[in-house]
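These are the residues of each chain, in order.
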Amino acid sequence: MPTPLPEALAEVRAALTDVDRLVRAVGAGRRRGARPRWRRVELRPVDLKAGRRLQVVEHTETGATTRNLEPADVAGAVDVLLTEPFGNWHVETLEQTLQIRVTKKGEAQVHRAATSRRTVAPSALHAHDRIKPRLIEPDDPLFTVLGADADKRRQVDAFLRLLEPVVRRLDAAPLRVVDLGCGNAYLTMAAHRYLSSRPGGVRTVGVELREDLVARSAERAAAVGLDGLSFVPGTIAQADPGLGGVDVVLALHACDTATDEALARAVRWRAPVVLAAPCCHRDLHRQLGAAPHPYGALTRQPILRERFADVLTDALRALLLRMVGYRVDVVEFIDSRHTPRNAMIRAVRTGAPPGPDVVREYTDLVEQWDVVPALARMLTPELADLRLPPSAAALPR
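The structure reproduced in this document is the subject of the present report.

Reading the values: the criteria
- Residues numbered from 1 in each chain as written.
- Predicted model: local features only at pLDDT ≥ 70, side-chain atom pairs only at ≥ 80, totals over all residues.
- Heavy atoms only, no water.
- Helix = DSSP H or I, 4+ residues; strand = E, 2+ residues; numbered from the N terminus.
- Contact = heavy atoms within 4.5 Å.
- Areas by Shrake-Rupley, 256 points an atom, 1.4 Å probe, with all protein chains shown as cover.
- Lys, Arg positive; Asp, Glu negative; His and termini not counted.
- Charge placed at Lys NZ, Arg CZ, Asp CG, Glu CD.
- Buried < 20%, exposed > 50% of the residue type's maximum accessible area, 1.4 Å probe, protein only.
- Expected span 1.5 Å × (residues − 1).
- Pairing = 2+ DSSP bridges.
- Axes fitted to C-alpha atoms, helices over the stretch in contact; angles between N-to-C directions.
- Polar contact = N/O pair within 3.5 Å; in protein donor to acceptor, adjacent residues only side chain to side chain.
- Salt bridge = Lys/Arg side-chain N within 4 Å of Asp/Glu carboxyl O.

1. Topic: the overall build of the protein
Alright, step 1. Along the backbone of the protein there are 14 helices and 14 strands.
Alright, step 2. On the principal axes, the C-alpha backbone points of the protein span a range of 65 × 55 × 40 Å.
Alright, step 3. Taking contacts inside the protein between residues at least 6 apart in sequence as the whole, the part at least 24 apart equals 68%.
Alright, step 4. Accessible surface, the protein as shown: approximately 19800 Å² in total, 51% of it carbon and sulfur.
Alright, step 5. Between the mean site of the 56 positive side-chain charges and the mean site of the 49 negative ones, the protein shows a separation of 2 Å.

Structural data, given as structure tokens:
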């Protein structure tokens, strides 16, 4: 149910001005037809020699400005920030995480969840140069066995922070996780290690075509005592994890249409949670012909054509998942300096039928660009009830 925007922003204001309870906040994105002065703002309390301050970092396209606000200045500065037309607010306090998304109609979609974090001493929580608590400690033997350097550990932590909020509400015991195309499986093992602390535990199966990787991953898992984690050889399309059901499907950096195979398997398993980090996107790149007017510049240069194909592929994947009953967001997985393939498709099954706008967006895109995504071809039975026009139907190519 949408919330009036002033009411939602008042809740954000109350959280931002309570410096003793605030952990961090981010304002980003933009509302329809408007552009804020800053690309992104970040707020968090810091303890300086002069006392506690609210630190505000304002990011532009070319740099960032940091201010440490005295208590008397906090309310006024927050009021100014809330007049900026940011499309999203993410606010984390000691008690809850509050997420606000402004819709095209200018209303607010509000999501609240209890904050899940380890107990941190107040002095460490608000320290000016505090170390962000990791979901798996950096000295965990797992990282030694995997040979993970600092970049890999950061990637693991970023992945777990995307996984944690969407599995929090799952009450399966044990939780059943399948990683399709798990490769070297360092994220598979990290997810299993982290989720093992859940009530009821977790059972995880990694599926990988290469038998040498399966054997090596099994040895590593045994070396660090990852009970309940197993690896099986096989293809994504024919994967049978033998868990009696699947709660979470992971597909991390599976190449080209292997990502689509993983998404299709997740849909057929009716998996409640899916996280996919796509790798290369050759399928639509091969299909793209002459760009429709006036978009020729998007595909004229080879590098732009490749990047556009990446974006179009993931946009259509997100729409298709929404069409078969998932709530979807596409988020940054890890900073692009660590890997250029840094998008994550995160989907939560709701079972709700798609709205007409979703189907229309998908139909318009595939008709205008004259493409049929691999995922659509794989989900032909699931899409049949939507009665797509012939030009947008998932016909073989």
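2. Considerations on the environment of Ser230
Alright, step 1. Position of Ser230 relative to the elements: it lies in strand β10 (residues 229-233).
Alright, step 2. Using a relative accessible area of 34% as the deciding quantity, one classes Ser230 as partly exposed.
Alright, step 3. For the pair formed by Ser230 and Tyr186, sequence separation is 44 residues and the distance between their alpha carbons is 13 Å.
Alright, step 4. Other than its neighbours up to four places away in sequence, Ser230 contacts Thr204, Val205 and Gly206.

3. Some details on helix α8 (residues 257-269)
Alright, step 1. Helix length check: α8 (13 residues) gives 18 Å between terminal C-alpha atoms against 18 Å at 1.5 Å per residue, within 8%.
Alright, step 2. Here α8 has its buried residues at Ala258, Thr259, Asp260, Ala262, Leu263, Ala264, Arg265, Ala266 and Val267.
Alright, step 3. Looking one or two residues past α8, Arg270 carries a phi angle of roughly 55 degrees, positive in sign.

4. Quick look at the sheet that holds strand β11 (residues 248-252)
Alright, step 1. What the 7 strands build is an open sheet, ordered β10-β9-β8-β11-β12-β14-β13; its pairing is mixed. Since the sheet does not close on itself, it has two edges, and those belong to β10 and β13 (326-332), each with one partner. For this sheet, the mean inter-axis angle between neighbouring strands, taken without regard to orientation, is 15 degrees.
Alright, step 2. Bridge count between strand β9 (residues 202-208) and β10: 5 bridges; the pairing is parallel. Within the sheet, the bridge partner assigned to Val205 lies in β10 and is Ser230.
Alright, step 3. Across the sheet, helix α7 (residues 211-223) is in contact with β9 and β10; its angle to β10 comes to roughly 170 degrees.

5. Description of the side chain of His59
Alright, step 1. Within the secondary structure, His59 sits in strand β3 (residues 51-59).
Alright, step 2. Of note is the side chain of His59, whose polar atom sits 3.1 Å from the side chain of Glu42.
Alright, step 3. Contact partners of His59, with chain neighbours within four places excluded, come to Trp38, Arg39, Arg40, Glu42 and Ala64.

6. Observations concerning the pairing of strand β7 (residues 108-114)
Successive residues of a regular strand alternate their side chains across the two faces of the sheet.
Alright, step 1. Bridge analysis of strand β6 (residues 96-102) against β7 gives 7 bridges, and the strand direction is antiparallel. Counterpart to Leu98 in the pairing with β7 is Arg112.
Alright, step 2. Linking two consecutive strands that pair antiparallel, namely β6 and β7, is a turn of 5 residues; a positive phi of about 80 degrees is found at Gly106 within it.

7. Digging into the pattern of salt bridges
Alright, step 1. Evaluated as defined, the whole model comprises 21 salt bridges.
Alright, step 2. Among the salt bridges present, the one from Arg176 reaches Asp247, with a minimum N-O distance of 3.0 Å. Within this pair, whereas Arg176 is found in strand β8 (residues 175-180), its partner Asp247 is found in the loop between β10 and β11, the two being separated by 71 residues in sequence.
Alright, step 3. A relative accessible area of 22% places Arg176 in the partly exposed class.

8. Re the sheet that holds β7
Alright, step 1. Overall, antiparallel pairing links the 7 strands, which are arranged β4-β3-β2-β1-β5-β6-β7 in an open sheet. The two strands at the open ends of the sheet, each matched to only one other strand, are β4 (64-69) and β7. Taken pair by pair, the neighbouring strands of this sheet meet at an average axis angle of 15 degrees, ignoring direction.
Alright, step 2. Judged from the 4 bridges that link them, strand β1 (residues 22-28) and strand β2 (residues 40-48) form a sheet pairing that is antiparallel. Directly across from Val26, in β2, lies its bridge partner Glu42.
Alright, step 3. Docked against the sheet, helix α1 (residues 5-17) engages β1, β3, β5 (88-93), β6 and β7, running at close to 40 degrees with respect to β5.

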